[in-house]
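Geometric and topological summary
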Amino acid sequence: MRLVFAFGSAPLGQKLQTFLPYPAIEWSDNLQSEAELQAELSAGRCELLILDPTLRWSQEANELAHRYGVDVLLFYGDLRDTANQIVRRIAPLLSAQDELLEPIRPNLPDEDEHRGPVRIIEKEKIVEVEKIIEKERIVERQIKVAVPVHSYVSMQSKVCMFLNLTPRAGATFVTTTLATAIANRSLHCTLVEHPGNRPTLYDHLNVADLKPDYKPPFHVLEYGSLKKEAELLYEGIAMYLNHPQLPNGDVSAEEIMKLVYELRHSPFIFYDASFTPDGFDADIFDEFDHVFLVVDPDPVLLQRLMPPSDGAPPTEEFLLIRDLLHAEERGDLHVHVVVNKFNAGVDQKLLLQCLPKKPLAHIPAQSMKHLYRAAWEARLIDVDDELDGALKPILELLVPDNFLRTTLEEERAAASGKGLFGRLFKK
């Protein structure tokens, strides 16, 4: 019995195999292209394809599998539920081999977990898949109505983490301004606050008055259906924030992974996090395509990022950077450095010596007057031409070329006669 799988993240396939430790099952490596799937199917040794529907070539893979008469199981982020579905599908095929397959049942939660919002019940899990499929169809129709279809057809979802490596480095500022710059280009963007963070944006945007019934996403993620009261729509950005009166507590990497998969309909998912050695689960890095390390150019803070000297033990920040760079070498993700609060007083030569790699972008220090005005007005800071230009290296990395020019730039070009008709009339 050979099962093949195609996931956006290879470690997910390895985790799935731990749920099904049956000697009769032979697993393939994670398929990364339509050509690799074609080779597997041509060999005629495949009984089931477990497919990640967020892959760019998932539709072609689905059609190819049906052409060869191979059953397809779509993976929507829940490993335990997927394992149960595999058991139900392949059990009749293995009955002649006397291989007994039992459902993968969850561990019994203790008393504290009973009071939490997440319950794992096998019967409801079957309904969960149906709800997810229905939700994905609804969301897809909404996107097609909101923007031109061709703008999203070739745009694969990008999941990005913005991580504070030093205290108050400004990962939230970089995340929100980049999300605003993308929303200014009429693109859908989703912003998620890490459950270990303070409810910074909840307080800054005065959500208590803006949306009194708002609840954090990890308290309403029940049976795979992300309820609407967890979403805050702000200036074209879908936000999932923390709540000061409903602390998230301990949220596992699996729950974060399920939330990310729930949001895969958005072409840009920005995850705002602050690194704390005690409350940060490094396993969640498996779900991200890009990790942006946001640093403050203060030399005292930068010392924690550098290799240890004189026999001193390495810092937690240095160990994290080392692990991320190793993951980048394996091709699991891309690591970038963003210098925030950059100003003329920074010694650029010494700064480069302190950083683990060359910075992708330098975000200039903002005027305190503008920051305080935005705080008093409970809004995000406006992205002007200077700030948009500083974000340009990140935008060029994530956004297709035809969306890089803002509407404001197009209006200015038309007003100055730079268009075709403007040049003709000038002649």
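Going by what an unreviewed UniProt entry lists, the protein chain is known as AAA domain-containing protein and is assigned to Tumebacillus amylolyticus.

**Here we look at the sheet that holds strand 4 (residues 71–74)**
Strand order across the open sheet formed by 4 strands is 2-1-3-4, with parallel pairing between neighbours. Looking at which strands have only one partner, the edges of the open sheet turn out to be strand 2 (26–30) and strand 4. Shown here is a sheet whose adjacent strand axes are inclined to one another by a mean of 20°, direction ignored. Relative to strand 3 (residues 48–51), strand 1 (residues 2–6) is paired through 4 bridges, and the arrangement is parallel. The partner of V4 across the bridge, within strand 3, is L49. Along the sheet, helix 3 (residues 58–67) contacts strand 3 and strand 4; its crossing angle with strand 3, the most-contacted strand, is approximately 170°.

**Concerning the pattern of salt bridges**
This structure, assessed with the given rule, holds 10 salt bridges. Between R379 and D382 there is a salt bridge whose closest N-O contact spans 3.6 Å. Take R379: its relative accessible area is 19%, and that puts it in the buried class. Bridged by salt links that share partners, the residues R2, E26 and E40 form one connected network.

**What about the packing of aromatic side chains?**
Any aromatic ring pair is given by two values, namely how distant the centres are and how the planes are angled relative to each other. Across all of its chains, the model carries 8 aromatic pairs by this definition. Each ring, one from F5 and one from W27, has its centre 6.1 Å from the other, and the planes form 70°; the classification is edge-to-face. A residue pair is termed long-range when its members are at least 10 positions apart, and F5 in strand 1 and W27 in strand 2 qualify at 22 residues. Across the pair, exposure class does not vary: F5 and W27 are buried alike. For the ring pair F162 and F292, a centre distance of 4.7 Å and an interplane angle of 5° mean the geometry is stacked.

Cut-offs and rules
Residues numbered from 1 in each chain as written. Predicted model: local features only at pLDDT ≥ 70, side-chain atom pairs only at ≥ 80, totals over all residues. Heavy atoms only, no water. Pairing = 2+ DSSP bridges. Helix = DSSP H or I, 4+ residues; strand = E, 2+ residues; numbered from the N terminus. Axes fitted to C-alpha atoms, helices over the stretch in contact; angles between N-to-C directions. Contact = heavy atoms within 4.5 Å. Salt bridge = Lys/Arg side-chain N within 4 Å of Asp/Glu carboxyl O. Buried < 20%, exposed > 50% of the residue type's maximum accessible area, 1.4 Å probe, protein only. Phe/Tyr/Trp six-rings, centres within 6.5 Å; stacked < 30°, edge-to-face > 60°.

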